[in-house]
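Notes for the structure review
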Amino acid sequence: MPIVVQKYGGSSVADVEKLRRVALRVQQTRERGYQVVVVVSARGDTTDELLALAKQVSADPPRRELDMLLTCGERISMALLSMALQEMGVPAISFTGSQSGIITNDVHSQARIVEVRPYRIEEELARGQVVIVAGYQGVSSKREVTTLGRGGSDTTAVALAAALGAESCEIYSDVDGIFSADPRVVPDARKLESLSYDEMQELASAGAKVLNAQAVEFAKARGIVIQARTAHGQGTGTRVEQGKPGDTGVKGVTAEGDMAVLAAVGGPAQVARVLEFLDARAVRGRALAFDGLLGREGRAFIAVPLQDVHGLQALQRELGERFGESVALREEVGAVTAVGAGINADWSLLRRALGAAEELGARVHAVHTSPLQLTLLVDKQHLKGLTSRLHREFLGA
């Protein structure tokens, strides 16, 4: 029997009624002749609530203990869904990430999967069981519980699909697929029928919350087609797969407000010291620009997503103690990014983007471009307005 991996986000399992609807969908998939592995996220706002609780105890919680705490949310979801399926007469069993064979490196809070050993899952599938897996978590070679960062349940699902040779990996959320912009910001955003792995990875890295960037990286490396669908209803969703030659143009516009920019003054050696400082604290950067053309003292800008930075005040204090006034953390700046193959084949789109920002009165602090994306750093107060304006400029809505 072919295997299908289904992943359900936190809003899909937020209450008992939604859990039962998920269980019914899983039952229907099984009745169509599939072996089913289900990956679940923590219910609703559980992760945020646990994180807020931790920060009441400690402004900068130890990463190991934070992982021990936050993994509880997915364990609640997996056990409840298994109970719901068994109540319907469907044989099911739940596993944590470590029980499922998700092996990671030893970086707490932002671990990466290095190997999957799904032996227990395969044994239970052979017995006719639906296997429910807690997403977002794994175990390191040191036998420590680890978490994969925000959106890590997507990565769990794709990694399992690859290891199990699944026919497909279905990512369910409360929206029907992937849109050209956040519909809450751009009401006229259109649903995309398909996206290439590269385009989706750029959108995810730039702040789109639909899929996790590492999950897309896994899917691309192993040729796993991802289908992003709604958990409520029968929409067509969006396929994320290998791109087709000649499929160019802007596909989406997204904004990221949960970020800060490190501005550093100094030469390459100074920038290297700042990067070493960030690596030692597992603080990831999304983009780096360095300008040293006008003299020995250069300037560097490092965009840092804050979703996995715990203890921001402590980080700022340590930066001041280590680098003084030569390094500043700017929290008032965010990013608006347009994504699409061939987006920078010439400078026309960037010129239009800069013109749109000027019309809005949004000061552009920095620009970053690649073959697939162009990003403008602006004050956070302009993020929504510039997102809507660029969507209209590039996609006509």
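As a starting point, this report considers the structure included with it. Sequence positions are assigned chain by chain, starting from 1 and proceeding in written order. Reporting in this predicted model follows two pLDDT cut-offs: at least 70 for local features of residues, and 80 or more for side-chain atom pairs to be given and counted; totals over whole chains, interfaces and linings ignore these cut-offs and use all residues. Each side-chain value is worked out from all heavy atoms of the structure, with water and hydrogens disregarded.

**Describing the overall build of the chain**
Where helices and strands are cited, they refer to DSSP runs of H or I of at least four residues and of E of at least two residues respectively, numbered from the N terminus. Helix and strand content of the chain: twelve helices and 22 strands. Counting only C-alpha atoms, the chain reaches 70 × 45 × 35 Å along its principal axes. Exposed residues in this analysis have more than 50% of their type's maximum accessible area, buried residues have under 20%, and partly exposed residues fall in between, with area computed by a 1.4 Å probe over protein chains only. Looking at the chain residue by residue over its 397 residues, the buried ones come to 52%. Pairs of residues are marked as contacts when any of their non-hydrogen atoms sit within 4.5 Å. Sequence-distant contacts, at least 24 apart, represent 73% of the contacts inside the chain between residues at least 6 apart. In the structure as shown, the chain presents an accessible area of about 18000 Å², 49% of it carried by carbon and sulfur atoms. In the chain, which carries 45 positive and 48 negative side-chain charges, the distance between the mean positions of the two groups comes to 1 Å. Each accessible area is a Shrake-Rupley estimate made with a 1.4 Å probe; only the visible protein chains count as cover when residues are assessed. Positive charges come from Lys and Arg, negative ones from Asp and Glu, while His and the chain ends are left out of the count. Charge positions come from single atoms, namely NZ of Lys, CZ of Arg, CG of Asp or CD of Glu.

**Quick word on the sheet that holds strand 2 (residues 35-40)**
In this analysis, strands are considered paired if DSSP registers two or more bridges between them. What the eight strands build is an open sheet, ordered 3-6-2-1-9-13-14-12; its pairing is mixed. With partners counted over all chains shown, the strands left at the sheet margins are strand 3 (92-95) and strand 12 (194-196), one partner each. Across the sheet, the axes of successive neighbouring strands diverge by a mean angle of 20°, strand direction being ignored. Where strand 3 and strand 6 (residues 130-134) come together, four bridges link them in parallel fashion. For Ala92, the partnering residue across the bridge sits in strand 6 and is Val130. In this analysis an axis means a line fitted to C-alpha atoms, helices contributing only their contacting stretch, and an angle means the value between N-to-C directions, from 0 to 180 degrees.

**Here's the deal with the nonpolar core**
In terms of nonpolar packing, the biggest core is built from 42 residues, with Val37, Ile121, Leu160 and Met200 touching the most fellow members. Among the elements that line this core, the one with the most residues is helix 6 (residues 152-164), at six residues. Not counting residues up to four positions away in its chain, the partners in contact with Leu160 are Val5, Val37, Val39, Ile102, Val116, Ile121 and Val133. Counting 21 residues, the second-largest nonpolar core is a separate cluster that includes Leu19, Val26, Val36 and Leu81. In this description, a nonpolar core means a group of buried Ala, Val, Leu, Ile, Met, Phe, Trp, Tyr and Cys residues linked to one another through side-chain atoms lying within 4.5 Å.

**Focus: the environment of Ala264**
With respect to the secondary-structure elements, Ala264 resides in strand 16 (residues 259-265). Remark: the alpha-carbon pair of Ala264 and Gly73, spanning 191 residues in sequence, is separated by 38 Å. Residue contacts for Ala264: discarding those within four places in its chain leaves Val274, Gly298, Arg299, Ala300, Ser326 and Val327.

**Observations regarding the pattern of salt bridges**
Any carboxyl oxygen of Asp or Glu that lies within 4 Å of a side-chain nitrogen of Lys or Arg is treated as forming a salt bridge with it. Under the criterion given, the structure shown has 20 salt bridges. Across the pair Arg63 and Asp60 runs a salt bridge whose closest N-O atoms are separated by 2.9 Å. Overall, Arg63 belongs to the partly exposed group, its relative accessible area being 26%. For Asp60, a relative accessible area of 32% gives the class partly exposed. Across the salt bridge formed by Arg389 and Glu359, the nearest N and O atoms sit 2.9 Å from each other. Of this pair, Arg389 sits in helix 12 (residues 383-395) while Glu359 sits in helix 11 (residues 348-360), and the two are 30 residues apart along the sequence. We classify Arg389 as buried; its relative accessible area is 14%. Each of Arg352, Glu359, Arg389 and Glu393 takes part in a single network of salt bridges with overlapping partners.

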